Each structure stands twice: as structure tokens, then as C-alpha cells.
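Structure at a glance
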Amino acid sequence: MVSTALLTDHYELTMLQATLADGTAERRSVFEVFGRRFHGGRRFGVVAGTGRVLDALADFRFEPAEIEFLRSARVVDEATCDWLADYRFTGDIWGYPEGELWFPGSPVLRIDSTFGEGVILETLILSILNHDSAIASAAARMTLAAGDRPCIEMGTRRTHEEAAVASARAAYICGFAATSNLEAGRRYAIPTAGTAAHAFTLVHDTERDAFASQVASLGAETTLLVDTYDTPQGVATAIEVGGATLGGVRLDSGDLGDVARTTRAQLDAAGNTDTKITVTSDLDEYAIAALAAAPVDGYGVGTSLVTGSGSPTSGFVYKLVARESSDGTMLGVAKKSKDKASVGGRKTALRRLNHKGVAEAEVIGIDITPRDDGDDRELMVPLVEQGKRVHDATLHDARERLQASLGELPAAARRLSKGDPAIPTIFEEG
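Residues numbered from 1 in each chain as written. Predicted model: local features only at pLDDT ≥ 70, side-chain atom pairs only at ≥ 80, totals over all residues. Heavy atoms only, no water.

Turning to the overall build of the chain, a few remarks are in order. Along the chain, the regular secondary structure elements total 15 helices and 19 strands. The dimensions of the chain, computed from C-alpha atoms along their principal axes, are 85 × 60 × 35 Å. Within the chain, buried positions represent 51% of all 430 residues. The long-range share in the chain, meaning contacts at least 24 apart out of those at least 6 apart in sequence, stands at 73%. Surface exposure of the chain reaches about 19000 Å², of which carbon and sulfur atoms provide 51%. Placing the 44 positive and 61 negative side-chain charges of the chain at their respective mean positions leaves the two points 4 Å apart. (Helix = DSSP H or I, 4+ residues; strand = E, 2+ residues; numbered from the N terminus. Buried < 20%, exposed > 50% of the residue type's maximum accessible area, 1.4 Å probe, protein only. Contact = heavy atoms within 4.5 Å. Areas by Shrake-Rupley, 256 points an atom, 1.4 Å probe, with all protein chains shown as cover. Lys, Arg positive; Asp, Glu negative; His and termini not counted. Charge placed at Lys NZ, Arg CZ, Asp CG, Glu CD.)

Turning next to the sheet that holds strand S13 (residues 330-332). What the seven strands build is an open sheet, ordered S13-S12-S1-S5-S3-S17-S18; its pairing is antiparallel. The sheet terminates laterally at S13 and strand S18 (388-389), the two strands that pair on one side only. Direction of pairing for strand S12 (residues 316-324) relative to S13: antiparallel, over a ladder of three bridges. For Arg 323, the partnering residue across the bridge sits in S13 and is Leu 331. Strand contacts of helix H2 (residues 50-58): strand S3 (92-95), strand S17 (381-385) and S18, with the helix running at about 10 degrees to S17, the strand carrying the most contacts. Sheet strands touched by helix H6 (residues 122-146): strand S1 (28-35), strand S5 (109-114) and S12. Its angle to S12, the strand with the most contacts, is close to 140 degrees. (Pairing = 2+ DSSP bridges. Axes fitted to C-alpha atoms, helices over the stretch in contact; angles between N-to-C directions.)

Attention shifts here to the pattern of salt bridges. Tallied over the full model, the rule gives 25 salt bridges. Measuring nitrogen to oxygen at the nearest pair gives 3.1 Å for the salt bridge that ties Arg 187 to Glu 162. With Arg 187 in helix H8 (residues 182-188) and Glu 162 in helix H7 (residues 161-173), this residue pair connects regions lying 25 residues apart in the sequence. We classify Arg 187 as partly exposed; its relative accessible area is 38%. Via salt bridges that share partners, Glu 100, Arg 351, Glu 362, Arg 377 and Glu 408 belong to a single interconnected network. (Salt bridge = Lys/Arg side-chain N within 4 Å of Asp/Glu carboxyl O.)

On to the layout of surface pockets. Roughly 810 Å³ of volume is contained in the largest pocket. In this structure, the largest pocket is lined by 31 residues; those nearest its centre are Met 154, Arg 250, Asp 252, Thr 280 and Gly 300. Those elements that place two or more of their residues in the lining of the largest pocket are strand S8 (223-225) and strand S11 (298-301). It is S11 that provides the largest number of residues to the lining of the largest pocket, a total of four residues. By residue class, the composition of the lining of the largest pocket is 12 nonpolar, 13 polar and six charged. Taken together, 19 residues make up the lining of the second largest pocket; nearest its centre are Thr 4, Leu 7, Arg 52, Ile 128 and Glu 162. Its residues assigned to classes, the lining of the second largest pocket shows nine nonpolar, five polar and five charged. (1 Å grid on protein atoms, 1.4 Å probe; cavity = no way out; pocket = protein on both sides within 12 Å on 5 of 7 lines; lining within 4 Å. Points joined across faces, edges and corners; volume = space filled by probe spheres on them. Nonpolar A, V, L, I, M, F, W, Y, C, P; charged D, E, K, R; others polar.)

Looking now at empty space enclosed by the protein. Within the structure shown, the criterion is met by four cavities of 30 Å³ or more. By volume, the largest cavity amounts to about 100 Å³. Forming the boundary of the largest cavity are 13 residues, of which Arg 42, Trp 102, Ser 137, Thr 313 and Ser 314 lie nearest the centre. Among the elements that line the lining of the largest cavity, the one with the most residues is H6, at three residues. Of the voids in this model, the second largest cavity is the one considered here, and its volume is about 70 Å³. Thr 50, Gly 51, Pro 97, Glu 98, Arg 389, His 391, Asp 392, Ala 393, Thr 394, Ala 398 and Arg 401 are the residues that line the second largest cavity. Listing elements by their share of the lining of the second largest cavity, those giving two or more residues are H2 and helix H15 (395-408).

This is the structure:
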């Protein structure tokens, strides 16, 4: 086990120290993760990273090495070190499962615990959910734009090595067919794909030599990168070397729509009607949508995906929304700061659907269960009960959940243009 306990901010532990000293660390508390708004005029967000949060929580242990660091760096006092050495989360966590959609105010995660147990999880939870959900939200827009054409995640070299693995996982939840990242393949059983880069062609004396080597090694069903030099000549050489059973060609430069049309005509004229065309080169959801009418069979997406396509974070926050008062009752608490207000009270949520199954609102109950008019769907599921993980959904489950959730949205939600959230958020109080 590699401890995740120090993947946190200094002030989480100094808050703990102070509350241990004054006794409030043991107060029953409710923390919630939510986003206040969408960035860039997006119409929906996708929840991803919940499974990784639960994995990280299992390894959130202050082992001797972590305690020694805290002690030697004088981060917290000895009493706090002793408390941390025995730390085990014993509370409950409910939340939106991976692949679910979220909207402003959605209680994506709710943590019921003592203040001390819950407050020190803030940074770890936010770092995972903010990243993975941002990637998933971008990936969902890309797969919607791509329609039935497959997308391959290829962004490993554009981000941190561990972020790359998490990005591949989030993209797979949102319908990406494969990843170039082998660690993601090993860790999460995501299909991997890839053949050759321009360097492979350049190391050979001729383009023909490179193609012949690749076909000899990988078979005629491989995909040849045809634009290292002159694209039409590269396509002609690929046809000659690969023959009628050549699997595919990849285009990585130029006006991809025009080049794809020229390449398709060249392939078809030679009888290579089954040879697929994959395009790469700084694609995002807008570029993919612009290629909808082009004879393209698949997309390789890198930089825009792993950076959230302009929204690298989901903007989630982790706030205390209820706590035990001095007389033992639970009291809703809320932040009132301008533009950063929160809504107090323990929340649950459902998605209001009409009789046709189309989503109409995100309904959030404050200290009550929202009223189900008969067509609605509950959104939150138990993840941890009394410290024990009870949720083990697979990535396949998350992929299916996302498609079902997207299918509930009104048609306007699929537009890439800026707009309001696809459905409004409604709060109900008892």
C-alpha cells in the first residue's frame, strides 16, 4: 500500500489540531461536494473519479513514515500525530455514481462523519473529482460530436503521467473506444491502440521501407501514417504496400476535412473501400463536429481531452453544510460570501422526468427526500457505510449509466454552443 494521506493541504491538519484541542473535532458533521456553475457555457457535467476516491480512501492511512514527516516538519503537535496514527474513516458517504450527470448545486458527494474524520478528506476528494469530472465532461462532448465514429484517447504526453492514466479512465467512461496509455490498459482493462509515429517513417531510408516493415510486423490490417512527406504519395505507397486489405491510414496534418476527402477518393479508386481513415492533430469537440460530413472513420484526441478542452477543473467545492450543535441537535450551516454562497442542510437529489422520460429538473431536498411524482429517478447511492466500502460499480456500468443519463436530456443539451444548464436546479425544503 502507498499511503494517500499526505496528498492533502497543510491547513487540513492544522484545522484538525485546533478542533481536537477544543473538542469540536468529534461533532457530527455533514460535508458536501458540489459545483456552483458551469464554465464556458456548458450545459451539463459528467461525474467521474468516484471509484478512484474510494480506492484512495482505503489507502488514507498515516503510517509511521507519514507521522514522522509531520512530526519532524512540525506540521501538527504530538497529540494530533497520535490521533492521525489511529485514523480510520468510520462514517458514511453517499454520492452520484460515475457516469451520472451533474448540474449546479448537485450534491455529487455527501460525507456524514465527525468533523475531524471528514475535514481532512477535503483536498484528496476534490483533487480527484475536479480532475476526472472535468476530463469526463469534455470527453462526453467529444463522443456526442463524433456520433457512431470511435474516439481514441491519445493525450498521455500532454499531461502528468498519473493524470494521463486518470484521463484515459475518465474518457473510457464517456464512450472512448481505446487509449494509447498502456498503464491505463493494465490498471483498468481499457483497450489500448497505436501503431507508429513519424519517427518510425523517418528512421527508414524511404517511406516504402517504413510501411513494408510495419506491415510485415503488424499485418496488413495495421494503420499507416501517410503524411510524413507528401500525403497523396504516402497514400499511394500505403496502397501498394498494404494491398486491398490495408486496415487504415492516419492523417495528422493539413485541412483534415479536405485531406480526408481526397484520401477517401484515392483509396476508393484503388479498390481500398474498406480501408479506414483516422484523423488526429489537436482535435477538440468543435473540430470533431466540423468533420461530421467528412469521410472520416475515427478520431484520435490528445491535448484538448487531457486538459478538459478549456475547462481543466470542474469547479467542485467541499463544504460543511450541517453540524452538531452544543445541545446535540443537527444544525444547517452555510457560507454567505458573495459569489461563493452555499446552501446549508443535508441533501438528497433526484432527477425529475416527464411522462416521456425527458429530464425537466434537478431536484434537491434539504433535510428531506425530494418528492417523486412517479416518473423521477433517485441520483445518490451509498458508497461507504460505517467506514466500509459498499459500492463497486465497474467502468462498464459507468459507460452504460452515462448513455442512459444523456438519453434523458432534452435535445438542446447536446448543442456545443454556449447556453444555460440543460435543466434547472430546484431546492425543496421540509
